[in-house]
Each structure stands twice: as C-alpha cells, then as structure tokens.
Amino acid sequence: VDSSTTRTYGGTGLGLAISKQIAELMHGSMGVQSEPGKGSVFWFTAVFQQPQQPLPCISPLPSPRSVVLIVRNTIVRSLIAK
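Treat the numbers as computed from the prediction; the structure is a model and nothing was measured.

Chemist: Teacher, can you tell me more about the overall build of the chain here?
Modeler: When helices and strands are tallied, the chain shows three helices and two strands. Secondary structure of the chain in N-to-C order comes out as α-α-β-β-α. The buried share among the 82 residues of the chain stands at 6%. When contacts within the chain are restricted to residue pairs at least 6 apart in sequence, long-range pairs at least 24 apart make up 11% of them. When the accessible surface of the chain is totalled, it reaches about 8100 Å², and 60% of it is carbon and sulfur.

Below is the structure:
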C-alpha cells in the first residue's frame, strides 16, 4: 500500500505542467491561486481565432445527453456526483 501524498491526492502535478505548456502554445498562460485549508483556483487563458467559415457538425450528441466520467479519487467523485 502506497500512502504517499501523490497516491492520496491523485497526482504528481504532471498534468498541470502539460496544461501550462498547451496554454502557452496557444499564446496564453495558466496559473493557480492556492490557500492552505481552503483550496485552489486554477485558471488559463488562450487565444482563439474566428473560423473563416462555419465548421460542420461532425456528429450531434444523442438526446438526452449522457457522459461517462471515470474518476479514481473518491473525494473528487463525490463532488462531481453532486
């Protein structure tokens, strides 16, 4: 059993590093505001261009819309379920 912080809270921060690189590739930025005991706020900016012509709809979602989300962290899973 691995009781490290990484296993307890579900990550190493690699996803944040990758997200920051993607935001920067899109001429934007990413950041976090964190307060111990209260939580964190993550944000990003990106530059998008208006398409020259409307993009075709590839496939509409069936109605009612259903989403399958797999989350290993029980705390996050319970928050999403609300």
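Chemist: Honestly, the pattern of salt bridges in this entry has me stumped. Any pointers?
Modeler: Throughout the structure, instances matching the rule amount to two salt bridges. Glu-35 is paired through a salt bridge with Lys-38; the nearest N and O atoms lie 3.7 Å apart.

Chemist: Sorry, what's going on with helix α2 (residues 14-25) here?
Modeler: Its twelve residues give α2 an end-to-end C-alpha distance of 17 Å, which sits within 8% of 16 Å, the value for a rise of 1.5 Å per residue. Just downstream of α2, His-27 is the residue with a positive phi angle, here 60°.

Chemist: So what exactly am I meant to see when it comes to the pairing of strand β2 (residues 39-45) here?
Modeler: For a regular strand, the rule is simple: side chains alternate between the two faces of the sheet. Bridging between strand β1 (residues 29-35) and β2 involves seven bridges; their strand directions are antiparallel. In the sheet register, Gln-33 faces β2, and the bridge partner there is Val-41. The antiparallel hairpin formed by β1 and β2 contains three residues in its connecting segment, where Gly-37 sits at a positive phi of about 85°.

Chemist: Would you mind going over unusual backbone geometry with me for this structure?
Modeler: With glycine set apart, most residues show a phi of negative sign, and most peptide bonds adopt trans. One non-glycine residue, His-27, lies in the positive phi region at around 60°. Tracing the sequence through the fold places His-27 in the loop between α2 and β1.

Chemist: Any chance you could explain the environment of Phe-44 here in plain terms?
Modeler: Its place among the elements puts Phe-44 in strand β2. Those residues within four positions of Phe-44 in sequence are excluded, and the remaining contacts are Ser-29 and Met-30.

The rules behind these values
Residues numbered from 1 in each chain as written. Predicted model: local features only at pLDDT ≥ 70, side-chain atom pairs only at ≥ 80, totals over all residues. Heavy atoms only, no water. Helix = DSSP H or I, 4+ residues; strand = E, 2+ residues; numbered from the N terminus. Buried < 20%, exposed > 50% of the residue type's maximum accessible area, 1.4 Å probe, protein only. Contact = heavy atoms within 4.5 Å. Areas by Shrake-Rupley, 256 points an atom, 1.4 Å probe, with all protein chains shown as cover. Salt bridge = Lys/Arg side-chain N within 4 Å of Asp/Glu carboxyl O. Expected span 1.5 Å × (residues − 1). Pairing = 2+ DSSP bridges.

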